[in-house]
Amino acid sequence: MRTVYVNGAYLPETEATVSIFDRGFLMADGVYEVTSVLGGKLIDFGGHIVRLHRSLTELDMATPCTDAELLEIHRELVTRNEIVDGMIYLQVTRGNPGDRDFAFPSADTKPTLVLFTQSKPGMAASPMAKIGMKVISIEDQRWARRDIKTVQLLFPSMGKMMAKKAGCDDAWMVEDGKVTEGTSNNAYIVKGNRIITRELSNDILHGITRAAVLRFAREAQMEVEERAFSIAEAQEADEAFITSASTFVMPVVEIDGTAIGTGKPGTVAARLREIYLEESLKAAI
Ligand code: PMP
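With respect to the overall build of the chain
- Counting secondary structure elements, the chain contains eight helices and 15 strands.
- The C-alpha radius of gyration of the chain comes to 19 Å, within 12% of the 19 Å expected for a compact globule of 285 residues.
- Projecting the C-alpha coordinates of the chain onto the three principal axes gives extents of approximately 55 × 40 × 35 Å.
- When the 285 residues of the chain are sorted by exposure, 48% land in the buried category.
- Excluding contacts between residues fewer than 6 apart, the proportion of contacts in the chain whose partners are at least 24 apart in sequence is 70%.
- Across the chain, the 32 positively charged side chains and the 40 negatively charged ones have centroids separated by 3 Å.

What to know about the sheet that holds strand E1 (residues 3-6)
- With antiparallel pairing, six strands are arranged side by side in an open sheet as E2-E1-E6-E5-E3-E4. Taken across any chain shown, the strands that pair with only one partner, and hence form the sheet edges, are strand E2 (9-12) and strand E4 (41-42).
- With two bridges joining them, E1 and strand E6 (residues 112-119) adopt antiparallel strand pairing. When the bridges of E6 are listed, tyrosine 5 appears paired with leucine 115.
- Against the sheet, helix H2 (residues 45-58) makes contact with strand E3 (30-38), E4 and strand E5 (86-93), and its axis sits at roughly 180° relative to E3, the strand it touches most.

Side note on the site of the ligand
- Of all residues adjacent to the ligand, which total 17 residues, the nearest are Arg51, Lys149, Glu181, Ile208 and Thr209.
- Separating a nitrogen atom of the ligand from a side-chain N or O atom of glutamate 181 is a distance of 2.6 Å.
- Note that an oxygen atom of the ligand is positioned 2.8 Å from one of the backbone N or O atoms of alanine 245.
- Relative to its unbound accessible surface of 390 Å², the ligand loses 92% to contact with the protein.
- Most atoms of the ligand, that is more than half of them, are within 2 Å of grid points of the largest pocket.
- Listed by contribution, the elements that provide at least two residues to the shell around the ligand are strand E9 (178-182), helix H6 (208-219) and strand E13 (239-244).
- Here the shell around the ligand is built from residues that sort into four nonpolar, nine polar and four charged.

Brief notes about the side chain of threonine 35
- With respect to the secondary-structure elements, threonine 35 resides in strand E3.
- The residues touching threonine 35, leaving out its near neighbours within four places in the chain, are Leu42, Ile43, Phe45, His48, His74, Gly86, Met87 and Ile88.

Structural notes on the pairing of E6
- Summarising the sheet, E5 and E6 pair through eight bridges and their orientation is antiparallel. In the sheet register, glycine 86 faces E6, and the bridge partner there is serine 119.

Section: the pattern of salt bridges
- Summed over the entire model, instances satisfying the criterion amount to 22 salt bridges.
- The partner of aspartate 29 in a salt bridge is arginine 23, with the nearest N and O atoms 2.7 Å apart.
- For aspartate 29, a relative accessible area of 8% translates into the label buried.
- Across the pair arginine 142 and glutamate 181 runs a salt bridge, and its minimum N-O distance is 2.9 Å. With arginine 142 in the loop between strand E7 (133-139) and helix H5 (154-165) and glutamate 181 in strand E9, this residue pair connects regions lying 39 residues apart in the sequence.
- On the accessibility criterion, arginine 142 (18% relative accessible area) is buried.
- Among the charged side chains, a salt-bridge network with shared partners connects Asp140, Arg142, Arg146, Glu175 and Glu181.

As for the domain arrangement of the chain
- For the chain, the domain assignment lists domain 1 (3-121) and domain 2 (128-283).
- When each unit is reduced to the centre of its C-alpha atoms, the spacing between domain 1 and domain 2 is 26 Å.
- Facing 20 residues of domain 1, the contacting portion of domain 2 comprises 20 residues.
- For the pair domain 1 and domain 2, the summed buried area comes to about 1,800 Å², and 64% of that belongs to carbon and sulfur atoms.

Description of the packing of aromatic side chains
- What the rule picks out here adds up to seven aromatic pairs.
- Pairing tyrosine 5 with tyrosine 10 gives two aromatic rings, centres 5.3 Å apart and planes at 70°, and the pair type is edge-to-face.
- Look at tyrosine 5 and you get buried, because its relative accessible area is 9%.
- Relative to tyrosine 276, the ring of phenylalanine 248 lies with its centre 6.1 Å away and its plane at 35°, an arrangement referred to as tilted. Of this pair, phenylalanine 248 sits in strand E14 (residues 248-255) while tyrosine 276 sits in helix H8 (residues 267-283), placing them 28 residues apart in sequence.
- Here phenylalanine 248 falls in the buried class, since its relative accessible area comes to 1%.
- What links up through ring pairs into an aromatic cluster is the set Tyr32, Tyr89 and Phe116.
- Looking at arginine 94, its charged tip hangs above the ring of phenylalanine 104, at a distance of 3.4 Å from the centre.

The rules we used
- Residues numbered from 1 in each chain as written.
- Predicted model: local features only at pLDDT ≥ 70, side-chain atom pairs only at ≥ 80, totals over all residues.
- Heavy atoms only, no water.
- Helix = DSSP H or I, 4+ residues; strand = E, 2+ residues; numbered from the N terminus.
- Rg over C-alpha atoms; globule rule 2.2 N^0.38 Å.
- Buried < 20%, exposed > 50% of the residue type's maximum accessible area, 1.4 Å probe, protein only.
- Contact = heavy atoms within 4.5 Å.
- Lys, Arg positive; Asp, Glu negative; His and termini not counted.
- Charge placed at Lys NZ, Arg CZ, Asp CG, Glu CD.
- Pairing = 2+ DSSP bridges.
- Axes fitted to C-alpha atoms, helices over the stretch in contact; angles between N-to-C directions.
- Near = heavy atom within 4 Å.
- Polar contact = N/O pair within 3.5 Å; in protein donor to acceptor, adjacent residues only side chain to side chain.
- Areas by Shrake-Rupley, 256 points an atom, 1.4 Å probe, with all protein chains shown as cover.
- 1 Å grid on protein atoms, 1.4 Å probe; cavity = no way out; pocket = protein on both sides within 12 Å on 5 of 7 lines; lining within 4 Å.
- Sits in = over half its atoms within 2 Å of the grid points.
- Nonpolar A, V, L, I, M, F, W, Y, C, P; charged D, E, K, R; others polar.
- Salt bridge = Lys/Arg side-chain N within 4 Å of Asp/Glu carboxyl O.
- Domains from an automatic or database assignment.
- Buried area = accessible area lost by both parts, 1.4 Å probe.
- Phe/Tyr/Trp six-rings, centres within 6.5 Å; stacked < 30°, edge-to-face > 60°.
- Lys NZ or Arg CZ within 6 Å of the ring centre and 35° of its normal.

This is the structure:
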């Protein structure tokens with residue numbers, strides 16, 4: 001049984017509880033982060049902490065503890081659960097004011113902090129990286145502050161189910177004719193060796209993996225263009241791929257039934273996956 005963390009205590013998962021009045025439960029008033037673990041070490045922990053602070057600040061939500069304490073909790077959970085490869089899920093909510101009210105509670109309501117592990121042995125050797133993903137496109141019906149990593153994941157969850165129903169792996173969301181991102185990842189195409197991905201704004205989550213991959217791509221003298229693209233342009237691209245903390249770089253080989261390039265994972269995506277894993281492992285803590 002897993003050991004999880006809730007508000008200062010390490011407990012067996014069956015004994016960890018949160019109040020029914022918690023604003024995370026009643027109002028999706030919470031933010032989260034997912035940090036990958038490879039070889040027992042945290043990948044880009046610093047990046048996830050910076051984004052957590054940004055999400056908390058944007059929502060005027062209190063910080064539950066210091067960064068050093070958060071690192072300590074992450075490491076303790078890795079040790080106690082003997083995680084070699086996998087993820088650490090962290091969630092902060094506005095806490096339990098003891099009743100339901102639209103107004104934010106006063107400062108004496110402490111934020112709720114929950115962390116748990118997900119073990120995924122051999123995660124970096126996912127067979128999907130060799131096969132590639134199939135995606136469908138759907139209209140983006142999320143709220144307009146997708147730059148904040150909130151736990152309001154109902155529409156992305158519905159999108160994932162629409163993809164599954166269509167026999168595919170994920171959905172790319174489209175707004176005003178342009179791809180925003182995948183249900184839980186950032187979206188890219190490659191045309192003539194140029195990597196194209198939507199620019200940062202409130203329309204997409206500022207992926208930690210996106211930032212790292214674009215940095216590594218530029219360091220490797222690859223051309224990067226940050227701009228929006230349509231599904232039609234993606235279907236005519238040489239390659240397509242996604243990035244996220246738990247999938248790293250994953251090729252996309254089909255969009256709405258149209259094969260991308262050769263219909264096989266592309267060389268640029270494969271190279272970026274290799275560089276990302278190599279560099280991230282070197283910097284893991
Ligand atoms: N976009 C969305 C909507 C996501 O949910 C995620 C993953 N949480 C990402 C992008 C990728 O972000 P990261 O690389 O930080 O995991």
